[in-house]
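Residues per chain, in single letters:
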Amino acid sequence: GPAQVPMMSPNGSVPPIYVPPGYVSQIIEENGVRRVLVLPQPEFHPGSHSPLHPPPHPPLPAFIPHPAMMPPPPHHMYSTVSGAGDMSTQYIPQYHAPHVFTEQAFVHRDERTSKTYERLQKKLKERQGGSQPKEKPSSPPSSPQKNHCSSPTDIQNGSPGATTGLVKGKQVCKIKGSPRIDTESEELDEDSKALQALLSNISKPVVSDIQARTVALSWSPPLAPANGDSDVACVPETFLYEVTVSYSGKDGKFKSAYSGEELSATLEDLRPATDYHVIVQAVCNCLHGSPSDAVSFTTLSCEPDTPSPPRKTNGTKSTLVLQWKAPCDNGSKIQNYVLEWDEGKGAGAFEQCYYGPQKQYRVTKLSPASRYCFRLAAQNDMGISGFSEAIDFYTSGSVPATPDSPELVRAGVTWLCVQWRRPAGSPAEDDIAYTLEMEEENSGYGFKPRYDGDELACTVKNLRRSTKYRFRVAAYNSEGKSSPSQVVELHTCPDKPGAPCRLAVKGKVHASSFKMAWDSPKDDGGSAITDYIVEMAEGPNGNKWEKIYSGSVLEYTCERLKPGCVYQVRVYCVSEGGQSPLSETLQVQSLAVPPGPCVPPRLVGKPKAREIQLRWGHPQVDGGCPVSCYSLEVCPAQTEDYREVFQGPELECTVISLLPGRTYCFRLRAANKAGYGPFSDRCEVTTAPGAPDQCRAPHVVCKSPTCAVVSWEVPAGNGANVTEYRMEWGAAEGSMQSCYCGPALTHEMKGLLPATTYFCRIQAVSVAGAGPFSDVVLCVTPCSVPAAVSCLQAMEESELDSPHFCPSTCLAVQWDAPCDHGSEITSYCVDFGDRQPLSVGRTTSYVIENLQPDTSYRIRIQALNSIGAGPFSHTIKLKTKPLPPGPPRLECTAYTHQTLKLKWGEGPAKALATDSIQYHLQMEDRNGRFVSLYRGPCHTHKVQRLSESTSYKFCIQAFNEAGEGPYSNVYTFTTPRSPPAPLKAPRIERLDDHSCEVSWEAVPPMKGDPIIYSLQSMIGNTDFKQIFRGSATSFHVSGLQLNCEYRFRACAIRQCQIPGGSQDLTGPYSATVSFSSLRNELPSSGAKSSADATRTKRTLSDEQCAAVILVLFAIISILIAFVIQYFVIK
């Protein structure tokens, strides 16, 4: 089935694709990705499409390079004619447009010619009966187009072994004087059909000078009808001819062999004694005619092909048996074979040793172990072929002599490298191989081969360490094997031992020593262990290792260690095989001891009444282990009743819960993992006087909803008199504020909120400081009428859910619920002017209805509960909106192919500050939905970025403060077609004194509408006149007058296709280009005078002239203003 294979090219080009026989490759580009399609090659049959052309409707080419990128056409083209097995299909880019053919493009030549003749006769009668079209006098007849066409891709066919055909001839790919063919149309126009009929009227080629591998062909150009009636406006001067060849009959596959403008060609490299069929086909401007009748010929016979070299089938010391295959006879049977040899001299001179029809020969009486060179040729009635390549054969020799014993080059643990010498007396040209045999000690298997080859050295691997092996070597060639050499004994080296194992501590670890032991390695490497080396490193990282022991004993005692220190220990051993790897590292830590006595703690800062802060340092001796914690004990002075007040790793402590003005004794000791050390010396510290004690809870009595009386008792002074009291009061326990400070024992709180919970506490203060606060006391005030309503405001229309709300007769207000002061709010009273106030329920929003449009109202709210009515809220002023406006009439005031200018209503185009009505313009999109285009107070809007010749639907809506009015009816406006863009200034090329050629840029078709061009000229100061109108991009102007100045300009015209016919849209004219037709009267002036005469002058365009006039006017205005300012005013 089909498969997609991704390919990548480093330079961006398409690599050659090799396809199997019967298939061709085609390149298609889609969205920037090139695809290579492998398709079956079409067969060629009479009356069907030729294999040289694509099907009637071929796909458009996917990649057409720029003309600047195309290589120039070669002068000679060499195409191959091969068999069916030679299908080296190669991608050849086609730079011309694909051909367009009708359904009967390849019918028989006679039938096609007769139909064309009848069609031309009918057309001639219609022209004679109808009126002749009128042409403008200024419009000359259309000139023939110049086109470049490349030959179609070769179609290769044939059989295996077919030779390659080369064609000698001049290929001209540039065809002049042929009418242009529009490849985009589905059917050919009348001129192209007439030209195709002319191309189809070609006779078959004439064959001459037939040789074995070459033939000469010639043909005549296509002939016009006998009566001279032809629809071709101008018969081309030259044609392009394509010659195709088939070797498999008239109905076989044809392959392109020649393409060019010549009327003769020579086909080379043909197969001798082979039947060929040749047809010729005429091509003009990429339009192919029908192929001619096929002409057949048969090539002559010749001498056979060069045979392959003979091969050796058997041989001895004095004989060689040679055999060969028959080559191609080329039409004549092979009679004899010629075998030559150099007689073993090697001087390059050959002599005949056999001549006859046989395909093998035995050469006798040869020397042993000698070289002989042979070559072969075949002969038939036509002659003798060339000789094959020379080939060398050797005769057999004698058995080699016994070689010397092998020698040791280098020995390893598991390998031995041995070498030996070539047997004495053996010739240098004799191919000798060697067999190395080895026997392992005490194996009992005898000698076994370990190497067989022509090298003189070998490395034997996968051996055992420290083992004896026996070696011998024997030589052999094609004649036999020699006796083995004398046996030699070789030893492998011992291996290094393994690492010592089971390294462990033996016994108990002490503070300054420990004993370690280990076992010998499991693998000694084949030799005895001589020494054990012990290394030690201090610290857990083990960066610095020191050797502490070397001997043959399997244990060792490490002494003079530091208490509580970590040590790393490792062992390795040494033998004849080398040093072993290191053993696993053993980590040992010596025992630690308790730390020494600490320095007595010291006081930090000044002592307080109930706490003091102490600090201390590390002990001088840590006992080999870091101090983990400290213990601090305290007791009153003159006693020994110590109690622990701190235990931890910190170096400072704050002792609390002490009594003011007392003396205390402190002592300290340190501890590590070995235990506690001794206590330090005693330290005495006296506390400072304290603040008063905590007051009792105060007593609160409510006199009214807004007033309360607080009273309290005197606390214990704690050694000092109370100077004042501080009272804190608040509505929340965490946010109380100080509201009283003085010596009194009562305080009255005023301005409280009804039905509110308050918190209260008392603190006593003396000269020693402030005591702690008392317990918090709760107090709840009685209930009262509601508070005033706050945040009274109008509601927006977007916040309302009622569909019946009208901003012209209704007002919506909302407010925040006030504090109910302990009694739930039952209703609200809305007062909005002279009318009776409205009573609403427990809601915070209300819509006042039945109001007058465009009227102002003053509104205020009052809350009510079970106790009574609260005060009114603040007054707000609201006004109802007027009624919304209706939609205006929408009309289009200006339009282009991309824009529409819309206008509505009566008023200026720009918005004024006093405009209260705004408009909302919408347009229908592709999905049938209306989208917003403009929203504002202006009366005009310009819609841009539209498509040409397209209808658009619009609707409009007016709105003001009262709201949005209804939408208008749908208006439909259509954009016109766009004219072509302006052309660049034409280019003028001088041809002679009375003619020139004017060319301009090409404009692509616009949405399927064709583009034609109009060229105008002007002599002197006369008006512009049209001299050309057509689809060409150049025009040959002749009949110019000498010493006159001509001006040319061009424009593009779009031919719009409409149902009733066509409509021309003329684009703006290009810039004017001047041309002077001056006579070259001074030949000696050279190239400079000629260039001055033919140089074109470019005049200023209308926009440039207007810009120059504007600049001059601005400069004159500035000068006049300066004169008035300087001379008149001053």
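Note: the structure precedes this text.
Residues numbered from 1 in each chain as written. Predicted model: local features only at pLDDT ≥ 70, side-chain atom pairs only at ≥ 80, totals over all residues. Heavy atoms only, no water.

1. Quick word on the overall build of the protein
The helix and strand inventory of the protein stands at four helices and 78 strands. Counting only residues that meet the buried cut, the protein has 38% of its 1130 residues in that class. Within the protein, contacts between residues at least 6 apart in sequence are counted, and of these 66% link residues at least 24 apart. For the protein, the computed accessible surface area is about 64200 Å², with 51% contributed by carbon and sulfur atoms. (Helix = DSSP H or I, 4+ residues; strand = E, 2+ residues; numbered from the N terminus. Buried < 20%, exposed > 50% of the residue type's maximum accessible area, 1.4 Å probe, protein only. Contact = heavy atoms within 4.5 Å. Areas by Shrake-Rupley, 256 points an atom, 1.4 Å probe, with all protein chains shown as cover.)

2. Brief notes about the state of the cysteines
Summed over all chains, the structure comprises zero disulfides. Unpaired in terms of disulfides, Cys328 finds its nearest cysteine sulfur in Cys302, a separation of 8.2 Å. Looking at Cys328, the relative accessible area reads 41%, which means it is partly exposed. (Disulfide = S-S within 2.5 Å.)

3. So, unusual backbone geometry
Both trends apply: most residues other than glycine have a negative phi, and most peptide bonds are in trans. One non-glycine residue, Cys791, lies in the positive phi region at around 55 degrees. Positionally, Cys791 belongs in strand β54 (residues 790–794). Given a relative accessible area of 44%, Cys791 falls into the partly exposed group. You will see that Ser949, though not glycine, has its phi angle at about 50 degrees, which is positive. With respect to the secondary-structure elements, Ser949 resides in the loop between β66 (940–943) and β67 (951–960).

4. Here's the deal with the sheet that holds strand β31 (residues 514–519)
Taken in spatial order, the three strands of this open sheet run β30-β31-β34, and their pairing is antiparallel. In this open sheet, the two strands that pair with only one neighbour each are β30 (501–506) and β34 (555–558). Within this sheet the neighbouring strands show an average axis-to-axis angle of 20 degrees, counted without direction. Judged from the four bridges that link them, β31 and β34 form a sheet pairing that is antiparallel. The residue bridging Phe514 from the neighbouring strand is Cys558, located in β34. (Pairing = 2+ DSSP bridges. Axes fitted to C-alpha atoms, helices over the stretch in contact; angles between N-to-C directions.)

5. Observations concerning the pattern of salt bridges
What the rule picks out here adds up to 36 salt bridges. The residue Asp1009 makes a salt bridge to Arg1054 at a minimum N-O spacing of 2.9 Å. Remark: Arg1054 occurs in strand β75 (residues 1044–1058) and Asp1009 occurs in the loop between β71 (995–999) and β72 (1011–1019); sequence separation between them is 45 residues. We classify Asp1009 as buried; its relative accessible area is 4%. The exposure class of Arg1054 is buried, given its relative accessible area of 0%. (Salt bridge = Lys/Arg side-chain N within 4 Å of Asp/Glu carboxyl O.)

6. What to know about the sheet that holds strand β22 (residues 407–411)
Pairing is antiparallel across the open sheet formed by three strands, whose spatial order is β22-β23-β26. Both edges of this open sheet fall to β22 and β26 (457–460), since each of them pairs with a single strand only. When the angles between neighbouring strand axes are averaged without regard to direction, this sheet yields 25 degrees. Where strand β23 (residues 416–419) meets β26, four bridges bridge the pair, whose relative direction is antiparallel. Bridging from a neighbouring strand, Cys417 pairs with Thr459 of β26.

7. Quick notes on the environment of Arg935
Residue placement: Arg935 occurs in strand β65 (residues 930–936). When its relative accessible area of 45% is taken as the criterion, Arg935 is described as partly exposed. Note: C-alpha distance between Arg935 and His920 (15 residues apart in sequence) is 4.5 Å. Excluding residues within four positions of it along the chain, Arg935 makes contact with Tyr919, His920, Phe959 and Glu964. A distance of 3.4 Å separates a polar atom in the side chain of Arg935 from a polar atom in the side chain of His920. A distance of 3.1 Å separates the side chain of Arg935 from the side chain of Glu964, its partner in a polar contact. (Polar contact = N/O pair within 3.5 Å; in protein donor to acceptor, adjacent residues only side chain to side chain.)

8. Details of helix α2 (residues 190–200)
With eight of its eleven residues buried, α2 lies for the most part within the structure. Along α2, the residues classified as buried are Ser192, Ala194, Leu195, Gln196, Ala197, Leu198, Leu199 and Ser200.

9. Let's talk about the nonpolar core
Core analysis: the largest hydrophobic core is formed by 24 residues, its most contacted members being Trp219, Tyr241, Val243, Leu267 and Val278. Elements supplying a minimum of two residues to this core: α2, β7 (215–218), β8 (240–246), β9 (255–260), β10 (264–268), β11 (275–284) and β13 (295–298). A per-element tally of this core places β11 first, with five residues. (Core = buried A, V, L, I, M, F, W, Y, C linked by side-chain atoms within 4.5 Å.)

10. Things to note about the packing of aromatic side chains
Summed over the entire model, instances satisfying the criterion amount to 30 aromatic pairs. Ring geometry for Trp324 against Tyr354: centres 6.1 Å apart, planes inclined by 50 degrees, an arrangement best described as tilted. Of this pair, Trp324 sits in the loop between β15 (320–323) and β16 (334–341) while Tyr354 sits in strand β17 (residues 351–356), placing them 30 residues apart in sequence. An identical accessibility class is assigned to Trp324 and Tyr354; each is buried. Members of the aromatic cluster, joined through ring pairs, are Trp219, Phe239, Tyr241 and Tyr258. (Phe/Tyr/Trp six-rings, centres within 6.5 Å; stacked < 30°, edge-to-face > 60°.)

11. Some details on the side chain of Thr880
Mapped onto the secondary structure, Thr880 falls in the loop between β61 (876–879) and β62 (890–895). Within polar-contact distance, the side chain of Thr880 engages the backbone oxygen of Gln852 at 2.6 Å. Polar side-chain contacts of Thr880 include one of 2.9 Å to the backbone nitrogen of Thr855. With residues near it in sequence (within four places) discarded, Thr880 still touches Pro807, Ser808, Cys810, Leu811, Leu851, Gln852, Pro853, Asp854, Thr855 and Tyr857.

12. Looking at the pairing of β7
The alternating pattern of β7 places Val215 and Leu217 on a buried face, while none of Ala216 and Ser218, on the opposite face, is buried. Between the antiparallel neighbours strand β6 (residues 206–208) and β7 lie six residues, among them Asp209 with a positive phi of about 55 degrees. Relative to β10, β7 runs antiparallel, the two sharing four bridges. Within β10, the position partnered with Ser218 by the bridge is Ser264.

13. Structural notes on the environment of Asp925
Examined against the element boundaries, Asp925 turns out to sit in the loop between β64 (918–924) and β65. Classification of Asp925 as partly exposed rests on a relative accessible area of 24%. Distance in space between the C-alpha atoms of Asp925 and Phe954 is 9.9 Å, their sequence separation being 29 residues. At 3.3 Å, the side chain of Asp925 and the backbone nitrogen of Asn927 are in polar contact.

14. Digging into the environment of Asn1043
Residue placement: Asn1043 occurs in the loop between β74 (1034–1038) and β75. Along the chain, Asn1043 and Ser1077 lie 34 residues apart, while their C-alpha atoms are 5.2 Å from each other.

15. Observations concerning the pairing of strand β59 (residues 856–865)
In this sheet, β59 lies alongside strand β56 (residues 825–831) in antiparallel orientation, the contact comprising six bridges. Each residue of the ladder has a partner; that of Cys829, found in β59, is Gln862. Inspection of the sheet shows β59 paired to β61 by four bridges, in the antiparallel sense. Considered in β61, the bridge of Ile859 is made with Ile876. Examined bridge by bridge, β59 and strand β60 (residues 869–872) share two bridges and lie antiparallel to one another. Bridging across to β60, Gln862 finds its partner in Phe872. Here β59 folds back onto β60 in antiparallel fashion, the turn holding three residues.

It is worth stressing that arrangement in space is one thing and function is another; only the former is reported here.
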